[in-house]
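Structural features, examined
If you want the building blocks of each chain, they are given just below.
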Amino acid sequence: MRKSIATVSVSGTLTEKLEAIAAAGFDGVEVFENDLVACPLPPEEIRLRADDLGLGIDMYQPLRDFEAVPDDVLKGNLRRAEYTFELMNRLGADTLLVCSNVSPDALPDDELAAAQLRLLAERAAGHGIRVAYEALAWGRHVSEYLHAWRIVRTADHPALGVCLDSFHILSRGSDPIGIEAIPGEKVFFLQLADAPRLAMDVLQWSRHYRCFPGQGGFDVTGLVRHVLATGYAGPLSLEVFNDVFRQSDARRTALDAMRSLIALEEALTPDGVPPVVPSGFAFAELATEGSAELSGILSALGFARTGTHRTKPVELWEQGGARVLLNAAPAESADEEPALVAIGLETPDPAASVKRAGKLLAPVLPRERAPRDAPLDAIAAPDGTALFFCRTGHADHPDWTADFPRAEPVPEGDVTGIDHVALTQPWQHFDEASLFYRGVLGLRPQESLEVADPYGLLRSRAMAGGGTRLVVNIARTVARQASRQHVAFAVRDLRALARRLRADHPGLLLPIPANYYDNLEARYGADPEIRELGLLYDRDEEGEFLHLYTVTAGRVFFELVQRIGGYDGYGAANAAVRLAVQHAERS
Ligand code: MG
Ligand code: MG
């Protein structure tokens, strides 16, 4: 399917936008009026630039407040329309978006709207142009797509059709099944945007919070299915107004946009290859810059250094099924160490995982390895963390652990494996990250949460699937502590481990204020051992959660968690307490 994007969706001047959009592989653009008006180049030159970049100009938009107006207003509107047609001929655009009237001049008269749109279509046809009429969710009298279609049907002109916009349809809660009643040749254009579910004025919601399909809460794929059922064969075009994307790097946003369409197209194809969902963590790799802080914490937790890499300054630390690599080589990607720099993911088919990642435009990392190292494929996550695809301990695939000749047996202690890993994203990459992990790894994103930090807000979204749990955080605070990452270990008996750690390693665990326990007991009743051991507690309908945190080294701390029953969360209720204590820890 042809892929397009509205110029308003990315940052920059019009020429910067076109370059970024072409670099991401789009076939066409919708040129937004404001971008053109502010551009120093004449329309003919813009057309040439787009042409050189291999981009068609699929639509010019918008002509506003045109239909259902008194005669004197119509005269001025037709003058604007004539100017627009001439401009479009110079630009080489043949489809004009007309959005439903929002002005107080508009009359609640569908016959009048149809007659005036028919007149507009006649004039447009004289210039070789067709008109796509779109119901804005906040249109004064026309705000539903089927209402716009009834007017277009009444007008009955071959140069007049509808433009369907997933945001306007889904934000109003309209049932998209009605789309199938529109003949495909009358659907002139399809604009796609997703959005988080927010209870707010629909105009503000649309102008500031749209996002790419797969990043929000709408069933955009389902809507596209209905549109394709009509026989529509035009472009899938993204039209996203988003305050964050407006400020982000245009090339990166355009790639993110293209990734969303590739994932969407794949979801539409019944025989599409499903993502290879990782079954869990092979390892977490921490850059230590030679500091012994992390090895001290790990050995206190019961880990042992079981091997050292044959050729690199990397140690393998293990306990049960949990593996941590401590890399003493300076890491380019980390500006403060210790830091989490890589994650190994267990996948049943590493080659298929990396192939899919490449298809979804994830940057595939070069294999930097010594001659005898296991060839591991890796990609870069949006925050720069390397993700390695591993198949540990299977004869049919190179085993990375063979690079770490075992000097010690793996201790069997309280820690059984890695439960989850929490990464911190730059603030402008939050939506990109959820689409990335969903598309590339097939993880299911949960609702995003906001957690109070003493000096800002932490936005957090968990993603899970197939035994892999990731938490993606962004901090809206200038505090440095906000960039922390953590690895959470699954523990068999956290009470026993906490008792041992409190006795043998005072100062290792993050101290929790007594007020927390007073509050906890008021909510759930007293469990003196939880207070005595300094544990944090949460519960949901399915079970209970005990957890605690170590002190921080560089950017990294460890969490110890015990899931009881079917508890499926991350102790989010306790995150604010943890953040407050961590601020105090360093100051
Ligand atoms: Mg639109
Ligand atoms: Mg956690």
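Small disclaimer: the values here were computed from a predicted structure and weren't measured.

1. Some thoughts on the sheet that holds strand 11 (residues 314–319)
Sheet strands associate in pairs through backbone hydrogen bonding, adopting either a parallel or an antiparallel arrangement. One open sheet holds the 8 strands; their spatial order is 10-11-12-9-13-16-15-14, and the pairing between them is mixed. Of all strands in the sheet, those bounded by a partner on one side alone are strand 10 (304–308) and strand 14 (364–365). As paired elements, strand 11 and strand 12 (residues 322–327) share 6 bridges and run antiparallel to each other. Across the sheet, the residue bridging to Gln 319 is Ala 322, located in strand 12. Against the sheet, helix 11 (residues 293–300) contacts strand 9 (280–287), strand 11 and strand 12, and its axis sits at roughly 160° relative to strand 12.

2. Topic: the side chain of Asp 165
With respect to the secondary-structure elements, Asp 165 resides in strand 6 (residues 160–165). Taking relative accessible area as the criterion, Asp 165 reaches 2% and is therefore assigned buried. Side-chain polar atoms of Asp 165 contact the side chain of Arg 210, separated by 3.4 Å. Those residues within four positions of Asp 165 in sequence are excluded, and the remaining contacts are Glu 134, Gln 191, Arg 210 and Glu 239.

3. Description of the sheet that holds strand 2 (residues 28–32)
Read around the closed barrel, 8 strands run 1-2-3-4-5-6-7-8, paired in parallel fashion. For this sheet the average axis-to-axis angle between neighbouring strands, irrespective of direction, equals 30°. As defined by bridge partners, strand 4 (residues 95–99) adjoins strand 5 (residues 130–134) across 5 bridges and the pair is classed as parallel. Across the sheet, the residue bridging to Leu 96 is Val 131, located in strand 5. Sitting on the sheet, helix 4 (residues 71–91) is in contact with strand 2, strand 3 (56–63) and strand 4, with an inclination near 165° to strand 3.

4. Side note on the coordination of the magnesium ion (ligand 1)
Put simply, the ideal angle at a metal is 109.5 degrees for four donors in tetrahedral geometry and 90 or 180 degrees for six donors in octahedral geometry. All of the protein donors around the magnesium ion (ligand 1) are Glu 134 (OE), Asp 165 (OD), Gln 191 (OE1) and Glu 239 (OE); their distances to the metal are 2.1 to 2.2 Å. Read in sequence order, the donor residues for the magnesium ion (ligand 1) give the motif E-x30-D-x25-Q-x47-E. Of this pair, Glu 134 sits in strand 5 while Glu 239 sits in the loop between strand 8 (236–238) and helix 10 (250–268), placing them 105 residues apart in sequence. The buried category is assigned to Glu 134, whose relative accessible area is 2%. Given a relative accessible area of 3%, Glu 239 falls into the buried group.

5. Here's the deal with the nonpolar core
Phe 26, Leu 164, Leu 192, Tyr 437, Phe 489 and Leu 560 are the most contacted members of the largest nonpolar core, which has 153 residues in total. Counting residues per element, this core draws most heavily on helix 10, at 9 residues. Formed jointly, this core draws a minimum of three residues from each of two domains, domain 1 (3–268) and domain 2 (280–586). With sequence-adjacent residues up to four places away left out, Tyr 437 is seen in contact with Ala 381, Pro 382, Leu 387, Leu 423, Gly 442, Leu 443, Met 463, Leu 470 and Val 472. In this structure, Ala 282, Ala 287, Ala 374 and Phe 388 belong to the second largest nonpolar core, which totals 17 residues.

6. A few points about the pattern of salt bridges
It is possible for side chains of opposite charge to pair when their charged atoms get near one another. On inspection of all chains with the given rule, the structure shows 28 salt bridges. With a shortest N-O distance of 2.9 Å, Asp 58 and Arg 2 are connected by a salt bridge. Linking Asp 58 in strand 3 with Arg 2 in the segment before strand 1 (3–6), this pair joins segments that are 56 residues apart in sequence. Between Asp 373 and Lys 312 there is a salt bridge, with its nearest N and O atoms 3.2 Å apart. Of this pair, Asp 373 sits in the loop between strand 14 and strand 15 (377–380) while Lys 312 sits in the loop between strand 10 and strand 11; the two residues are 61 residues apart in sequence, bridging distant segments of the chain. The exposure class of Lys 312 is partly exposed, given its relative accessible area of 32%. A cluster of three or more residues bridged by salt bridges with shared partners is formed by Arg 495, Arg 499, Asp 527, Glu 529 and Glu 532.

7. Observations regarding the coordination of the magnesium ion (ligand 2)
Within the protein, His 420 (NE2), His 486 (NE2) and Glu 559 (OE) serve as the donor atoms for the magnesium ion (ligand 2), at 2.1 to 2.3 Å. Taken in sequence order, the residues that donate to the magnesium ion (ligand 2) follow the motif H-x65-H-x72-E. Remark: His 486 occurs in strand 22 (residues 485–491) and His 420 occurs in strand 17 (residues 415–424); sequence separation between them is 66 residues. Given a relative accessible area of 2%, His 420 falls into the buried group. In this structure His 486 comes out as buried when scored by relative accessible area, which is 7%.

What counts and how
- Residues numbered from 1 in each chain as written.
- Chains lettered and ligands numbered in written order.
- Predicted model: local features only at pLDDT ≥ 70, side-chain atom pairs only at ≥ 80, totals over all residues.
- Heavy atoms only, no water.
- Pairing = 2+ DSSP bridges.
- Helix = DSSP H or I, 4+ residues; strand = E, 2+ residues; numbered from the N terminus.
- Contact = heavy atoms within 4.5 Å.
- Axes fitted to C-alpha atoms, helices over the stretch in contact; angles between N-to-C directions.
- Buried < 20%, exposed > 50% of the residue type's maximum accessible area, 1.4 Å probe, protein only.
- Polar contact = N/O pair within 3.5 Å; in protein donor to acceptor, adjacent residues only side chain to side chain.
- Donors = N, O, S within 2.8 Å, 3.2 Å for Na, K, Ca; no water.
- Core = buried A, V, L, I, M, F, W, Y, C linked by side-chain atoms within 4.5 Å.
- Domains from an automatic or database assignment.
- Salt bridge = Lys/Arg side-chain N within 4 Å of Asp/Glu carboxyl O.

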